[in-house]
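Each chain is listed here by its residues.
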Number of protein chains: 2
Amino acid sequence: MLVQKYKDMLSGKSVIRELSEFATARGKEIGYENVFDYSLGNPSVPVPQEFTDTMIKLLQTMDTQSLHGYSPSLSIPSVREKVAASLERRFGIPYKKEHVFMTSGAAGAIAHAVRLVTVPGDEILTFAPFFPEYHPYVDLSGAVLKVVPPEYENFQINFEKAEEMMTEKVMAVLVNTPNNPTGVVYSEETLKKLSALMTKKSKEYGHPIYLITDEPYREIVFGGIDAPCVSKYYDNSLMCYSFSKSLSIPGERIGYLAVNPACEEAETLINMCGQISRGIGHNCPSSIIQLAVGECVDMTADLSVYEKNMNLIYNELKDLGIKVVKPDGTFYIFPKAPEDDAKAFSKKALKYDLILVPADTFGAPGYFRMAYCIDTEKVERSLPVLRKFLKENY
Amino acid sequence: MLVQKYKDMLSGKSVIRELSEFATARGKEIGYENVFDYSLGNPSVPVPQEFTDTMIKLLQTMDTQSLHGYSPSLSIPSVREKVAASLERRFGIPYKKEHVFMTSGAAGAIAHAVRLVTVPGDEILTFAPFFPEYHPYVDLSGAVLKVVPPEYENFQINFEKAEEMMTEKVMAVLVNTPNNPTGVVYSEETLKKLSALMTKKSKEYGHPIYLITDEPYREIVFGGIDAPCVSKYYDNSLMCYSFSKSLSIPGERIGYLAVNPACEEAETLINMCGQISRGIGHNCPSSIIQLAVGECVDMTADLSVYEKNMNLIYNELKDLGIKVVKPDGTFYIFPKAPEDDAKAFSKKALKYDLILVPADTFGAPGYFRMAYCIDTEKVERSLPVLRKFLKENY
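Being a predicted model, the structure only gives us computed values, none of them experimental. Within each chain, residue numbers correspond to sequence positions counted from 1 in written order. Chains and ligands are labelled sequentially in the order written, the chains with letters from A and the ligands with numbers from 1. The predicted origin of the model limits local features to residues at a pLDDT of at least 70 and limits the giving and counting of side-chain atom pairs to 80 or more, whereas totals for whole chains, interfaces and linings rest on all residues.

Participant: Mind showing me how you'd approach the interface of chain B and chain A here?
Facilitator: Interfaces are often sized by the accessible area lost when the parts come together. We call two residues in contact whenever the C-beta atoms placed from their backbones are within 7 Å. In this complex, chain B contributes 60 residues to the contact, which on the side of chain A involves 60 residues. Listed by contribution, the elements that provide at least two residues to the side of chain B that touches chain A are helix H1 (4-11), helix H3 (49-61), helix H4 (64-68), helix H6 (105-117), helix H7 (134-139), helix H10 (266-280) and helix H11 (287-295) of chain B. Considering every element that reaches the side of chain B that touches chain A, the biggest residue donor is H10 of chain B, with eight residues. Along the lines of polarity and charge, the residues of the side of chain B that touches chain A split into 30 nonpolar, 23 polar and seven charged. Only DSSP runs of H or I covering at least 4 residues are called helices, and only runs of E covering at least 2 are called strands; the numbering of each starts at the N terminus. Residue classes follow a fixed rule: Ala, Val, Leu, Ile, Met, Phe, Trp, Tyr, Cys and Pro count as nonpolar, while Asp, Glu, Lys and Arg count as charged, and any other residue, Gly among them, counts as polar.

Participant: Explain the sheet that holds strand S8 (residues 255-259) of chain A here, please?
Facilitator: As a general point, the strands of a sheet are linked pairwise by backbone hydrogen bonds and lie either parallel or antiparallel. Residue and element names in this part refer to chain A. Taking strand neighbours across the sheet as the criterion, the seven strands line up as S2-S8-S7-S6-S5-S3-S4 in an open arrangement whose pairing is mixed. Both outer strands of the open sheet, strand S2 (100-103) and strand S4 (144-148), are each paired with one neighbouring strand and no more. Adjacent strand axes in the sheet meet at a mean angle of 20 degrees, parallel and antiparallel pairs treated alike. Looking at chain direction, strand S6 (residues 210-214) and strand S7 (residues 237-242) are connected through four bridges and run parallel. For Asp214, the partnering residue across the bridge sits in S7 and is Cys240. Axis lines are fitted to C-alpha atoms, over the contacting stretch for helices. Their N-to-C directions set the angle, which ranges from 0 to 180 degrees. Running over the sheet, helix H5 (residues 77-91) touches S2 and S8 and is turned about 115 degrees from S2. Here, strands pair whenever DSSP counts at least two bridges between them.

Participant: Is there a simple way to think about the packing of helix H10 (residues 266-280) of chain A against H1 of chain B in this case?
Facilitator: Axis angle and axis distance: for two packed helices, these are the angle between their axes and the distance between the axes, and together they describe the pair. Where H10 of chain A meets H1 of chain B, the closest approach of the two axes is 9 Å, and the angle between their N-to-C directions is 90 degrees. Accordingly, the angle class assigned to the pair H10 of chain A and H1 of chain B is roughly perpendicular. Seen from H10 of chain A, the contacting residues are Thr268, Asn271, Met272, Gln275 and Ile276 of chain A; seen from H1 of chain B, they are Tyr6, Lys7, Met9 and Leu10 of chain B. Split by residue class, the contact of H10 of chain A with H1 of chain B holds five nonpolar, three polar and one charged. Throughout, the term roughly parallel applies to angles under 35 degrees, roughly antiparallel to angles over 145, roughly perpendicular to angles from 65 to 115, and oblique to all others.

Participant: Can you help me understand the sheet that holds strand S8 (residues 255-259) of chain B in this one?
Facilitator: All names here are of chain B. Reading across the sheet, the seven strands line up as S2-S8-S7-S6-S5-S3-S4 and stay open at both edges, with mixed pairing between neighbours. The sheet is open, and its two borders are formed by strand S2 (100-103) and strand S4 (144-148), each paired with just one other strand. Looking at each pair of strands side by side, their axes are set apart by 20 degrees on average, direction ignored. With five bridges connecting them, strand S7 (residues 237-242) and S8 associate as antiparallel partners. For Cys240, the partnering residue across the bridge sits in S8 and is Leu257. Those strands touched by helix H5 (residues 77-91) are S2 and S8, and its axis lies near 115 degrees from that of S2.

Participant: Is there a simple way to think about the nonpolar core in this case?
Facilitator: In globular proteins that are soluble, nonpolar side chains generally tend to be buried together. The term nonpolar core refers to a set of buried Ala, Val, Leu, Ile, Met, Phe, Trp, Tyr and Cys residues connected through C-beta atoms within 7 Å. Field definition: a residue is buried when 20 or more other C-beta atoms are found within 10 Å of its C-beta, exposed when 12 or fewer are, and partly exposed for counts in between, with C-beta atoms placed from the backbone. In terms of nonpolar packing, the biggest core is built from 260 residues, with Tyr372 of chain A together with Tyr372 of chain B touching the most fellow members. Filtering out sequence-adjacent residues up to four positions away, Tyr372 of chain B remains in contact with Tyr38, Tyr306, Asn309, Met310, Ile313, Phe331, Ile333 and Val379 of chain B.

Participant: Help me understand the pairing of S4 of chain B in this model?
Facilitator: In summary, the side chains of a regular strand alternate between the two faces of the sheet. All names here are of chain B. In this sheet, S4 lies alongside strand S3 (residues 123-127) in parallel orientation, the contact comprising five bridges. Its bridge partner being in S4, Phe127 is matched across the sheet by Val148. Of the crossover connections in this fold, the one passing from S3 over H7 to the parallel S4 is right-handed. Handedness of a crossover: with both strands directed away from the viewer, a clockwise path from the first strand across the helix to the second marks it as right-handed.

By themselves, these are just geometric observations and shouldn't be taken as functional.
Right, dumping it as C-alpha cells:
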C-alpha cells in the first residue's frame with residue numbers, strides 16, 4: 001500500500017521544474033548560451049573564497065572527531081552563539097544562543113516553525129504572490145495554508161482580505177520579505193499594520209498568532225535601502241533564514257530558526273525544536289557546514305550582479321510598456337503579462353527561447369516571474385529578443 | 001498555544017543522555033579519564049585520512065557552484081550511482097541509482113521509509129531489545145510502534161509473539177542488525193523465518209508488509225563473520241544506512257535509503273521520497289558531503305578497536321559469572337544485571353564511576369547496555385573497577 005498523497009504529487013509536476021527541464025533540453029539542441037533561461041532561482045555568483053578557505057582550514061587543523069562528531073540535539077553551541085551575536089549586532093534585538101536552532105536551510109527552519117505552532121487542521125495565512133513550496137511545507141505537516149489575494153498596486157499586503165481571513169483557526173502568518181516572486185520588500189508601514197492586526201486578533205481569540213518570517217533574500221537588497229527587520233515589529237515571531245543565497249551555497253542546506261527573545265516561552269520553543277527534529281529525522285545540519293557558516297556569519301558573496309540585472313530588465317520592461325513593480329531586492333521580477341492567460345504567454349515566449357514562468361501557482365494569475373540570477377551578458381543579449389517577442393505578438 | 005506533545009517530551013529526558021551528562025559533570029570533578037563512561041554510542045576512532053583528503057580536493061578543484069549548488073530533489077545522481085554500484089558489488093542485488101535516495105543519516109532514511117509505507121494509525125513492529133529512538137521516529141509520524149518482546153536466549157526474534165502481533169494493521173517491520181543494544185547479528189535462519197512469516201501475512205491480509213532494515217553498524221562485525229544482508233531474504237525491503245559509524249562522521253548526517261529492486265514499485269517509492277522531503281524540510285544532505293561519501297563509498301575507518309574492546313569486556317563478564325550473549329558486531333554489549341532492577345544496579349555502579357545504561361527503555365528490563373566505543377586503555381582500567389563493584393555488591 002503506497003501512501004497515495006505522495007504518489008499523487010508525482011503527477012503534479014512543478015511548472016518551474018518543467019520549464020527548467022525544457023530549457024536544459026533546448027540547450028542541448030542550440031547551446032545553453034542561446035536559451036534565455038529565467039526559470040530557476042539558483043544563485044549564480046561564486047562562493048566567497050573565505051568560505052572555501054574556512055572549510056579547508058577546519059579540515060586541516062581540527063581533530064576529526066570534534067569536526068565530524070555528533071552535534072548536540074539543539075545544534076552546535078558556538079555556532080548558535082555566533083548567529084545570535086550577529087543578529088543582535090545588526091538588528092539590536094537581544095538574541096542569545098538559546099534563541100537559535102541551526103536547520104537544513106530555510107525549508108528546514110519553516111518545517112520546524114510550522115510544527116512548533118500548529119497541530120493538524122490549524123490554519124496558516126500567507127500573502128499572494130507567494131512561493132509555491134509553502135504548500136507542501138505547510139500541507140504535509142497537516143496544517144492548512146490559506147492564501148490572501150494580492151494587493152496588486154505595490155505587492156504589499158491586502159489588509160482588507162487579510163483581516164477577513166484571519167479567523168480563530170489561524171495560528172500563524174507566514175511572510176516572505178524580500179519577496180519571492182515579486183522582489184518587493186515589505187515597508188515599515190506594512191509591517192506595523194500587520195503587527196497591529198495580528199495583536200488585535202490574538203487578543204480577540206485568546207491565543208497568540210505567530211509570525212513566521214521567511215528571509216532567505218535578506219542580504220540581496222537594492223538601491224542601498226535598509227530592509228526593515230520583521231521581528232522588530234512583532235514579539236511572537238520566528239525568523240527562518242538560509243545562507244543559500246547570501247553565501248551562494250544552496251546545496252549545503254544550512255540556515256537557522258531564531259525565535260524572538262520577546263516571544264512567549266522563546267527558549268522552550270527552541271528546546272522543542274530538538275524534539276521535532278527526532279520525528280522528522282533532521283538531527284542537525286552537517287557539523288562542518290555549521291562550523292564554517294559560524295565563521296562566515298557576517299560575510300556574503302558578491303551579490304551586486306543581481307541589482308545590475310534587475311535594472312537592465314526593469315528599464316526594458318518599462319520601456320516596452322509592461323506593468324511592473326520595481327523590485328527592492330532578491331533576484332526576481334514579477335511583471336504583468338500583456339494577455340490575461342500567462343500560461344499561453346509563457347508558451348509563446350518559448351518559441352523565442354525565452355523561459356518565463358507563468359505565475360498562476362504563485363497566486364497571481366496573469367503575471368509571470370523572471371529569475372535573473374544569470375550572467376549579465378546573457379541578460380543583455382536577451383533584451384532584444386524579449387522586445388522582438390512582445391512586438392511580434394502583442 | 002504550544003504544541004503539547006513536543007513540550008511534554010522535554011520533561012521525559014532520555015536515560016542515556018542523563019547518564020552521559022552525569023559522566024561529563026563527574027569528569028570535571030575527577031578528570032574525565034577517571035570516569036568509565038559506557039553510556040554513549042559515539043564513534044571513537046578517527047575519520048580515515050582519505051575522507052579528509054577527498055573533502056580538501058573537492059574544495060580545491062571543483063567549481064564552487066557545482067560543489068555547493070542545489071542537489072536535484074532525489075539527491076546527486078553520480079552519488080546515487082556509486083552507492084548502487086557498491087551495493088550490487090557487495091551483495092549481488094542489482095541496485096541501480098533509481099533505487100537509492102541520499103538522506104540525513106539512518107534517522108533521515110527511517111523518517112522517509114516510515115512515511116512511504118504507513119499513514120497515521122498504521123502499525124510498525126519492531127523486536128526488543130530495540131533502539132529507543134524508534135519511538136520518536138515512528139510515533140511522531142503518526143504511525144504506532146509495537147514492540148515484540150525479546151527472545152532472551154540469543155537475542156534473535158521471538159517468533160511466537162511476532163506472529164501473534166503481526167495483525168492486519170501492521171504495514172511494516174523494522175529490524176536493526178547488527179543490533180543496538182545487543183550487538184547480535186540476525187542469523188540467516190532468523191531472516192528466512194521472518195521473511196516466511198511476513199510473506200504469509202502479506203498474502204493473508206492482501207497488502208504488502210514492508211521490511212525496513214536499519215543497518216548503521218553493518219561494517220562493524222567481529223570474528224570475520226559475514227553478516228547476512230537482510231534485503232536478500234525479502235523483496236519488499238527498504239534498507240536504511242548511515243556512514244556515521246563506518247566513516248566515523250556522525251555529525252555529517254549522511255546515509256541513504258535503498259529500495260530493493262525487487263520491491264513492488266521500487267522506483268516510484270524512491271520518487272515519492274522527493275515529495276516526502278518537501279514536507280519535512282529535508283531537501284537532501286549537504287552537497288559536498290554527498291560527493292565526498294560517493295568517493296569513499298567502500299572505505300571504512302579502522303574499526304578493529306571495537307572488537308578488541310568487546311573481547312576484553314565479554315571475557316571479564318563471563319569470568320564474573322554475568323549472563324551475556326557474545327556480540328557479533330556493533331560497539332555494544334548487553335549483559336543481564338545481577339539484580340532484577342537494572343536502574344538500581346546502574347545507580348550503584350555510579351559510585352564506582354562506572355556509567356552503565358539500564359535497559360528498560362530498550363524493552364528488556366533487568367539488562368544493561370555498555371557502549372564500548374572508548375579507548376582500549378580505558379576499557380582495561382575499567383575492568384578491575386567493574387570486578388570490585390560486582391564483588392562488593394552482589
